[in-house]
Amino acid sequence: MSENKKTRVRFAPSPTGPLHIGGVRTALYNYLYAKQHNGTFVLRIEDTDSARFVSGAEEYIIGALEWCGITPDEGVENGKIVEEASARHPHGPYRQSQRRGIYRAYAEQLIQNGYAYYAFDSAEELVAKRAEAESKGQTFIYNQVTRKGLRNSLTLSASEVEHLLETTTGWTIRFKMPENEIVAMDDLIRGHIEVNTETLDDKVLWKRADELPTYHLANIVDDYLMEITEVIRGEEWLPSLPLHYMLYKSFGWESSRPRFAHLSLLLKPGGQGKLSKRDGDKLGFPVFPLPWTGTDGEVTNSYRGAGYFPEAFINMLAFLGWNPGDEREILSLDELVEAFSLERVIRSGAHFNPEKAKWYNREYLRAKSDTELAKLYLPILKEHGVEATEEYTARAISVIKDRATFVADFWTAAPYLFVAPSEYVQKDAAKFWTAENCGYLSKLRSHIAAYKSELEVAAIAESIENYIRSNQWPFGKVMNSLRLSLTGSASGLGIAEIIYTIGLQETVRRIDNAFKTLGT
Ligand code: GLU
């Protein structure tokens, strides 16, 4: 790759289902790399494997990238894959099934130059070969040794080949892996790698049956035509790298071969093994960015659904396998763009940590202003049948913010900041609503009712404490009976915080209500 080429990277998912967080991380690293180099981030849909196509997956991928704020520069317009080339999207279409017409000529070019051949073995013949090898405890591989005994354009006569090409439709074009050659590769994360071609098989590149390329051919041809400069993708593609290098060589495209970076896998929390799509359900945390409705009608857990802020999600993901090399953990997308480097991507697998994901959300929640959070909380309050002003909601948030991870926690932590108790926890009432406590409470009520103006939390706390202590009443008991009257139970936020939020009038009203309901 020549150094002055404009950086162009691509995220090339196959629409086989919802994108899981590993895929989002790959997209994110591509995005960060592109932006850092003032380059272009391309989205390409690799849908040549029709057997694995899942309807709705493409829309999901686009929606997920958008929610994360890592929208592609090329390949997507108005939330849809671009289907025709245009000035902004010069390499369209960006869905491989719509590019199907271009690949065969490339496969034929390889045949003409001796780098590929036609293979006529039927699926049944290959199944039989596999079974035969298995019965001898071996594995059948279509490679430089076995191809010599199989039905292909290397073993059949030219006229037989011509006849079969015209009269049958089950044939394929396979790559002719050279014998005993060293493929020397460089990976930006893994360094130098060498592989002998003897360990590699003859992969199918193009299939007559559906007239479609396989992943390998389409991927290389498109990366070349789309002028991709760096391929940043998951480690599961590392075994394909030698073939991809060989393809670039066979096409004569070595000078425009992109640089490669293979990202390590995301691993299960704590344990061994790859984080799978099923782990989320099993272990109780989301592995998908957005909800996905399966064919059984079940909706998966998701980061958006669980109430994560996209900025927190992205920040957490960026750190799964990379760090900036200093103490910083909270970085905005722009800061990530600046700090990112492939050199600092770790080679070993990164353990996903659900607790850390929550920690990130808490940090982002705390960094938001009370008013900003109020705007997000108001619709949730509405769902609970509560209408409140933004000002009041922001005030309530200021006292519960520290107890919340998600905006929805504001409600679970303290619904009584918005709704007066209509019931009282019986066991708490039995314990604290005693004649003695009620005597103290009615005096305390008058003390509170006499406050001249709204006080700050600390002033309320101090005044109430001084009043109880100077009367030498049992502090805990009095406080719990007061809390019971304000919240309906003996647990919850600090008394002063509740009074500060709901105000003096409402405080007195709730105490009076409790007397009415529970008696004295
Ligand atoms: N379509 C492949 C996938 O779904 C892309 C691999 C690549 O980036 O080369 O992972």
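Residues numbered from 1 in each chain as written. Predicted model: local features only at pLDDT ≥ 70, side-chain atom pairs only at ≥ 80, totals over all residues. Heavy atoms only, no water.

Q: Help me get a handle on the packing of helix α10 (residues 310–318) against helix α12 (residues 354–367), residues and values and all.
A: For the pair α10 and α12, interaxial distance at closest approach is 9 Å and the crossing angle is 135°. With respect to α12, the axis of α10 lies oblique. Regarding α10 and α12, the two cross each other, and that crossing is right-handed. Along its contact with α10, which presents Glu311, Ala312, Asn315 and Met316, the element α12 presents Ala357, Tyr360, Asn361 and Tyr364. Within the contact of α10 with α12, the residues separate by chemical class into five nonpolar, two polar and one charged. (Axes fitted to C-alpha atoms, helices over the stretch in contact; angles between N-to-C directions. Helix = DSSP H or I, 4+ residues; strand = E, 2+ residues; numbered from the N terminus. Parallel < 35°, antiparallel > 145°, perpendicular 65-115°, else oblique. Left-handed = near helix turned anticlockwise from the far one by under 90°. Contact = heavy atoms within 4.5 Å. Nonpolar A, V, L, I, M, F, W, Y, C, P; charged D, E, K, R; others polar.)

Q: Provide a residue-level description of the sheet that holds strand β10 (residues 212–213), including the pertinent values.
A: A sheet is described by the order of its strands in space; here four strands give the open sequence β5-β6-β9-β10, paired in antiparallel fashion. Two strands in the sheet have a free side with no partner beyond their single neighbour: β5 (116–119) and β10. By the bridge criterion, four bridges tie β5 to strand β6 (residues 172–175) in an arrangement that is antiparallel. Bridged to Ala116 within β6 is Phe175. (Pairing = 2+ DSSP bridges.)

Q: I'd like to hear about the pairing of β6, residue by residue, with values.
A: Across the two faces of β6 the burial is the same, with Thr172 and Arg174 and Ile173 and Phe175 all buried. In this sheet, strand β9 (residues 204–207) lies alongside β6 in antiparallel orientation, the contact comprising three bridges. Bridging across to β9, Thr172 finds its partner in Lys207. (Buried < 20%, exposed > 50% of the residue type's maximum accessible area, 1.4 Å probe, protein only.)

Q: Report on the site of the ligand, specifying residues and quantitative values.
A: Neighbouring the ligand are Arg10, Ala12, Pro13, Ser14, Glu46, Tyr215, Asn219, Arg233 and Trp237. The separation between an oxygen atom of the ligand and a polar side-chain atom of Arg233 is 2.9 Å. Of the residues that constitute the shell around the ligand, the class distribution is four nonpolar, two polar and three charged. (Near = heavy atom within 4 Å. Polar contact = N/O pair within 3.5 Å; in protein donor to acceptor, adjacent residues only side chain to side chain.)

Q: An account of the environment of Asn143 is needed here, citing residue identities and associated values.
A: With respect to the secondary-structure elements, Asn143 resides in the loop between α4 (123–135) and α5 (158–167). Contact partners of Asn143, with chain neighbours within four places excluded, come to Leu200, Asp201 and Asp202.

Q: Summarise the side chain of Ser489; cite the residues concerned and give the values.
A: By the element assignment, Ser489 lies in the loop between α19 (475–487) and α20 (495–502). Of the residues examined, Ser489 reaches a relative accessible area of 14% and is grouped as buried. A distance of 3.1 Å separates a polar atom in the side chain of Ser489 from the backbone nitrogen of Ser491.

Q: Provide a residue-level description of the side chain of Asp47, including the pertinent values.
A: Within the fold, Asp47 resides in the loop between β2 (40–43) and α2 (57–68). Among buried Asp, Glu, Lys and Arg side chains, Asp47 stands out as unpaired, with Arg95 the closest opposite charge at 4.7 Å. Not counting residues within four places of it along the chain, the set of residues in contact with Asp47 comprises Pro15, Phe53, Arg95, Gln96 and Ser97. (Lys, Arg positive; Asp, Glu negative; His and termini not counted. Salt bridge = Lys/Arg side-chain N within 4 Å of Asp/Glu carboxyl O.)

Q: Give a description of the packing of aromatic side chains that names residues and reports values.
A: Scanning the entire structure with this criterion turns up 30 aromatic pairs. Between Phe285 and Phe352 the ring centres are 4.8 Å apart and the planes differ by 40°, which places this aromatic pair in the tilted class. Of this pair, Phe285 sits in the loop between α8 (279–283) and α9 (303–306) while Phe352 is found in the loop between β14 (350–351) and α12, placing the two residues 67 residues apart along the sequence. Across this residue pair, the class does not change: Phe285 and Phe352 are buried. For the ring pair Phe319 and Trp322, a centre distance of 5.5 Å and an interplane angle of 75° mean the geometry is edge-to-face. Through a chain of ring-to-ring contacts, three or more aromatic side chains come together here, namely Tyr29, Phe319, Trp322, Phe340, Trp359 and Tyr360. The ring centre of Phe309 lies 4.6 Å from the NZ or CZ of Lys368, which sits over that ring. Its end group placed over the ring of Phe475, Arg469 keeps NZ or CZ at 4.2 Å from the ring centre. (Phe/Tyr/Trp six-rings, centres within 6.5 Å; stacked < 30°, edge-to-face > 60°. Lys NZ or Arg CZ within 6 Å of the ring centre and 35° of its normal.)

Q: How would you summarise the pattern of salt bridges if you had to cite specific residues and measurements?
A: Under the definition given, this model contains 36 salt bridges. For Glu230, the salt bridge goes to Arg259, with nearest N and O atoms at 3.2 Å. Taken together, the residues span a long stretch of sequence, with Glu230 in strand β11 (residues 230–234) and Arg259 in strand β12 (residues 259–263) at a distance of 29 residues. According to the relative accessible area criterion, Glu230 is buried, its value standing at 2%. Across the pair Arg445 and Asp512 runs a salt bridge whose closest N-O atoms are separated by 2.6 Å. Within this pair, whereas Arg445 is found in helix α17 (residues 435–449), its partner Asp512 is found in helix α21 (residues 504–518), the two being separated by 67 residues in sequence. Among the residues examined, Asp512 registers a relative accessible area of 27% and is labelled partly exposed.

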